[in-house]
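Structural overview
Chain by chain, the residues:
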Amino acid sequence: MSGVADGTADLRPPDGPAVRVDRVGLDVPGRPGVLHDVSLHVAPGELVVLSGRSGSGKSSLCHLVAGVGRPTRGTVVVLGRSAHDWADWTRVTLLPQRLALTAELSVAENVAWPCWLAGATPRPGLLEALALDHIADRLTGESSLGEQQRTALARALATSPGCAVLDEPTGHQDDGNADRVVDAIVARTPGTAVVVATHDERLLAVADRVVRLEAGRLLTTGG
């Protein structure tokens, strides 16, 4: 699969937004109206931050963009295809709050696993950029929560995806490592669209656009 490791254009849609959320509503059992009539377009290469209080719908919107579930109403299209139809982690990646790492694999193996499945080479330099190189051979289950979160972020960026969805990527980081996380996101492969749910002012400061959610409603798209 050419272009996975070097971020070339065959991983991007030929034109139009990388992410298109149109009039999306989401109901879940016991909690109707998690999202209300949300519309959002994200261009290829754009870094969009979703901000808002806990329970505002940020994580729910992230999950829909990453294809984890379907909206109750409206459509979510990523890289020209319904988000829920994507099953290729070289194209659309997710850093969830529940990190979904394999404890029996090393840090380096967890990062490289999606690339190996696709017969591709992981993007170089991520372990060093995220201060994981010194524990690359350590089993992930033996690393700290902050190290595990950075491992999951490296995994999400290693394939040079067309779209990366990152849910609270600095949530378990101290200040120094949070800065490393922000730098790694900013230094992503050119053309990778990123949707980030966060409260972190450092990420808000580097975003191309900040979208605020309140009680499941989009208040502003900024910029």
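Residues numbered from 1 in each chain as written. Predicted model: local features only at pLDDT ≥ 70, side-chain atom pairs only at ≥ 80, totals over all residues. Heavy atoms only, no water.

Re the overall build of the chain
A tally of helices and strands in the chain yields six helices and 10 strands. The globule rule puts the C-alpha radius of gyration for 223 residues at 17 Å, and the 16 Å found for the chain is close to it. Structurally, the chain occupies a C-alpha span of about 45 × 35 × 35 Å along its principal axes. Looking at the chain as a whole, 52% of its 223 residues qualify as buried. Considering only contacts in the chain between residues 6 or more positions apart, those separated by 24 or more positions represent 71%. (Helix = DSSP H or I, 4+ residues; strand = E, 2+ residues; numbered from the N terminus. Rg over C-alpha atoms; globule rule 2.2 N^0.38 Å. Buried < 20%, exposed > 50% of the residue type's maximum accessible area, 1.4 Å probe, protein only. Contact = heavy atoms within 4.5 Å.)

Structural notes on a nonpolar patch on the surface
Residues Trp113, Trp116 and Leu117 make up a contiguous nonpolar surface patch of about 380 Å² in total accessible area. Residue position: tryptophan 113 is located in helix H2 (residues 107-118). (Patch = residues over 30% accessible without salt bridge, like charges linked within 9 Å, V, L, I, M, F, W, Y side chains within 5 Å. Areas by Shrake-Rupley, 256 points an atom, 1.4 Å probe, with all protein chains shown as cover. Salt bridge = Lys/Arg side-chain N within 4 Å of Asp/Glu carboxyl O.)

What about the confidence of the model for the chain?
With 92% of its residues at a pLDDT of 70 or more, the chain has an overall mean of 90. The low-confidence segment residues 1-12, where pLDDT is below 50, has 35 contacts with residues more than four positions distant or belonging to other chains. (pLDDT = per-residue confidence, 0-100.)

Thoughts on helix H4 (residues 145-158)
Look at H4: 20 Å from first C-alpha to last across 14 residues, which is about the 20 Å you get at 1.5 Å a residue. Counting buried positions along H4 gives 13 out of 14 residues, so the element sits mostly inside the fold. Just past H4, the residue serine 160 takes up positive phi, approximately 50 degrees. (Expected span 1.5 Å × (residues − 1).)

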